[in-house]
Amino acid sequence: MTETEFDLIVIGGGAVAENVADRAVQGGLTAVLIESELVGGECSYWACMPSKALLRSGIALRAAQNVGGSSQAVTGGIDVAATLRRRDSFTSNWDDQGQVDWVEGAGIALVRGHGRITGVKTVSVEAADGTLTHLTARHAVVVSTGSDPLLPDVDGLADANPWTPRDATSAKVIPDSLAIIGGGVVAVEMATAYASFGCAVTVIARGGLLGKEEDFAAELVSESLGKLGATMRLGVSPTAAQRGADGVTLTLSDGGTVTAAEVLVATGRAPRSGDIGLDAVGLEPGDWLDVDDTMLVRGETNHKHGWLYATGDVNHRALLTHQGKYQARAAGDVIVARALGTGVHAGRWGAHAATADHAAVPQVTFSDPEVASVGLTSVAAAEAGYETRVVDYELGNVAGASLHADGYVGRARMVVDEKRGVLLGVTFVGQDVSELIHAATIAIVGEVPIDRLWHAVPAYPTMNEIWLRLLETYGRP
């Protein structure tokens, strides 16, 4: 590598990092990515893409079984080997050459190795062979290093060699049994996938399932997992773990035990910021990086110089790939604006502000049924002090849903800010509801008044008619 000075240095090479660099280059700056693993990052190889590939085959099979006419044609079960091969195709067999080609084609430089901040606008990169490369940024450094699985403090758990989410999404062989510690999105999705494969799944969740969603989401998902053969151990937590000849035995807080061939720990994430040189600029290694809405890192040293940014998981605003990319677009564009001296629009909903992070974050849990939500739940809205009205409707009563699947079961909820007459949150639970959520996102981001939503006519007969039913239940303007 001959060039060591760039307008922008990005520590990390995942999807979020790529987007920051791409926006900067499109704006006329030079940029370099630093990546110690695979270019494309967690989402491409161990999270979003492989996990959804593992889920899709079972969900598609059950969808066919839920429609008269196609159900009679389904004579076999899921082909696990074929599903794993399809998963491998989406990860390019964990080969990042395609991503490297994209980076080069976008005019972005790439340095392989571990990046560490050494001072204001300076970064060193340690290659696998120990060689150091010293880089200097003319304008900005962005930390986009992501997060790591959090291992709970359970006696013997670390020594039992448990699976992380990476192990679950990249497994080459499906175990006969799997115990999953946790009740969040990863736990629920992997429980759905592995139960679909015929694996005996036990979910151990102290706080229940999907605690950040509306309560009916956990109810419907738990019922569905039970039908798939999964066992729910809710309200308890592991107190000890030991690996033996039969697998891993977990002792639970209620005195019971669970033994499984493998144990997946899906109890949260920690920032990947422990060894990236934060102490060199007055920040605490291992901490989440606190940022403003332009992704500029807060802190005395950085406020003085205004050069360090953080995007994606590491800033702890919304640990979702699509939200990280949204932050990346804002950060890349504002770095360009500040570098070139053009106008910065950092106010609420400004071009350079990731305003949606606060109360308009969409998320889909690809369980069966799916859980799709955006904005505030009814509980979160009440805690925030809003005067709200909560409106529920059974999705199965919508004509489009009844055509979509025989015996369709699902539910929808909208949370209305009564003072302003706009939506604060929407949740859908049911088959294929992920395709409904963007309309809700637009309504919330646009703060579309309820009386105007009446004029957004849903096509008949589609599941989108749920909007009309929610409005009718709420009452005419």
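The coordinates are above.
A brief look at the structure comes next. Each chain has its residues counted from 1, following the order in which its sequence is written. Only residues with pLDDT of at least 70 are given local features in this predicted model, and only at 80 or more are side-chain atom pairs given and counted; all residues enter the totals for whole chains, interfaces and linings. As a rule here, side-chain values come from all non-hydrogen atoms in the structure, and water together with hydrogens is ignored.

## With respect to the sheet that holds strand 21 (residues 422-430)
Keep this limit in mind: The criterion for strand pairing is that DSSP finds at least two bridges linking the strands in question. For the purposes of this entry, the term helix denotes a DSSP run of H or I that reaches at least four residues, the term strand denotes a run of E that reaches at least two, and both are numbered from the N terminus. With axes taken as lines fitted to C-alpha atoms, and helix axes fitted only over the stretch in contact, angles between N-to-C directions fall between 0 and 180 degrees. Contacts: residue pairs with any heavy atoms within 4.5 Å of one another.
Read from one edge of the open sheet, five strands run 17-18-21-20-19, paired in antiparallel fashion. Strands with a single pairing partner mark the edges of an open sheet, and in this sheet they are strand 17 (362-365) and strand 19 (388-394). Neighbour-to-neighbour, the strand axes of this sheet turn through a mean angle of 10°, independent of strand direction. On top of the sheet, helix 8 (residues 215-227) reaches strand 18 (370-375), strand 20 (411-417) and strand 21; it is set at about 170° to strand 20, its chief contact. The strands that helix 14 (residues 437-445) touches are strand 17, strand 18 and strand 21; relative to strand 21, the one it contacts most, it runs at about 170°.

## Some thoughts on the pairing of strand 14 (residues 262-265)
In plain terms, the rule: For every residue, the accessible area obtained with a 1.4 Å probe (protein chains only) is divided by the maximum for its type, and the residue is called buried under 20%, exposed over 50%, and partly exposed between those limits.
Alternating residues of strand 14 divide into E262 and L264 and V263 and V265, and every residue in both groups is buried. Strand direction decides the pairing type here: strand 8 (residues 177-181) and strand 14, joined by four bridges, are parallel. Along strand 14, the bridge assignment pairs I181 with V265.

## Re the pattern of salt bridges
Formally: The working definition used for a salt bridge is a side-chain nitrogen of Lys or Arg within 4 Å of a carboxyl oxygen of Asp or Glu.
One pass over the full model with this rule turns up 31 salt bridges. We note a salt bridge from D275 to R116, for which the minimum N-O separation is 2.9 Å. Residue D275 is located in the loop between strand 15 (269-271) and helix 9 (300-305), and its partner R116 is located in strand 4 (residues 114-119); the two are separated by 159 residues in the primary sequence. A relative accessible area of 22% means that R116 is categorised as partly exposed. R233 is the salt-bridge partner of D254, the closest N and O atoms lying 3.1 Å from each other. Of the two residues, D254 is situated in the loop between strand 12 (247-252) and strand 13 (257-260) and R233 in strand 10 (residues 231-234); the sequence distance between them amounts to 21 residues.

## Examining the layout of surface pockets
Remark: the empty space left among the atoms is shown by a probe the size of a water molecule rolled over them. Here is the rule we go by: Any residue with an atom within 4 Å of a point lines the site, the site being either a cavity, points on a 1 Å grid over the protein atoms alone where a 1.4 Å probe fits but cannot get out, or a pocket, an open set with protein on both sides within 12 Å along at least 5 of 7 lines. Grid points are joined across faces, edges and corners, and a volume is the space filled by probe spheres set on the points. Think of it as three bins: nonpolar holds Ala, Val, Leu, Ile, Met, Phe, Trp, Tyr, Cys and Pro, charged holds Asp, Glu, Lys and Arg, and polar takes everything else, Gly as well.
A volume near 440 Å³ is recorded for the second largest pocket. Lining the second largest pocket are 19 residues; nearest its centre among them are N66, S224, D368, P369 and V409. Counting residues per element, the ones that place at least two in the lining of the second largest pocket are helix 3 (48-65) and helix 8. Looking at the lining of the second largest pocket residue by residue, the classes come out as eight nonpolar, six polar and five charged.

## Description of the packing of helix 1 (residues 15-26) against helix 10 (residues 321-340)
Spelled out, the test is: Geometric relationships in this document are graded by angle, where less than 35 degrees denotes roughly parallel, more than 145 denotes roughly antiparallel, 65 to 115 denotes roughly perpendicular, and other angles denote oblique. What makes a crossing left-handed is the near helix being turned counterclockwise from the far one by less than a right angle; a clockwise turn instead makes it right-handed.
At a closest axis distance of 8 Å, the pairing of helix 1 and helix 10 adopts a crossing angle of 25°. Our classification of the angle between helix 1 and helix 10 gives roughly parallel. In this structure, helix 1 crosses over helix 10, and the sense of that crossing is right-handed. Between helix 1 and helix 10, the contacting residues are A15, V16, N19, V20, R23 and A24 on the first element and T321, G324, K325, A328, R329, G332, D333 and V336 on the second. When its residues are assigned to classes, the contact of helix 1 with helix 10 shows six nonpolar, four polar and four charged.

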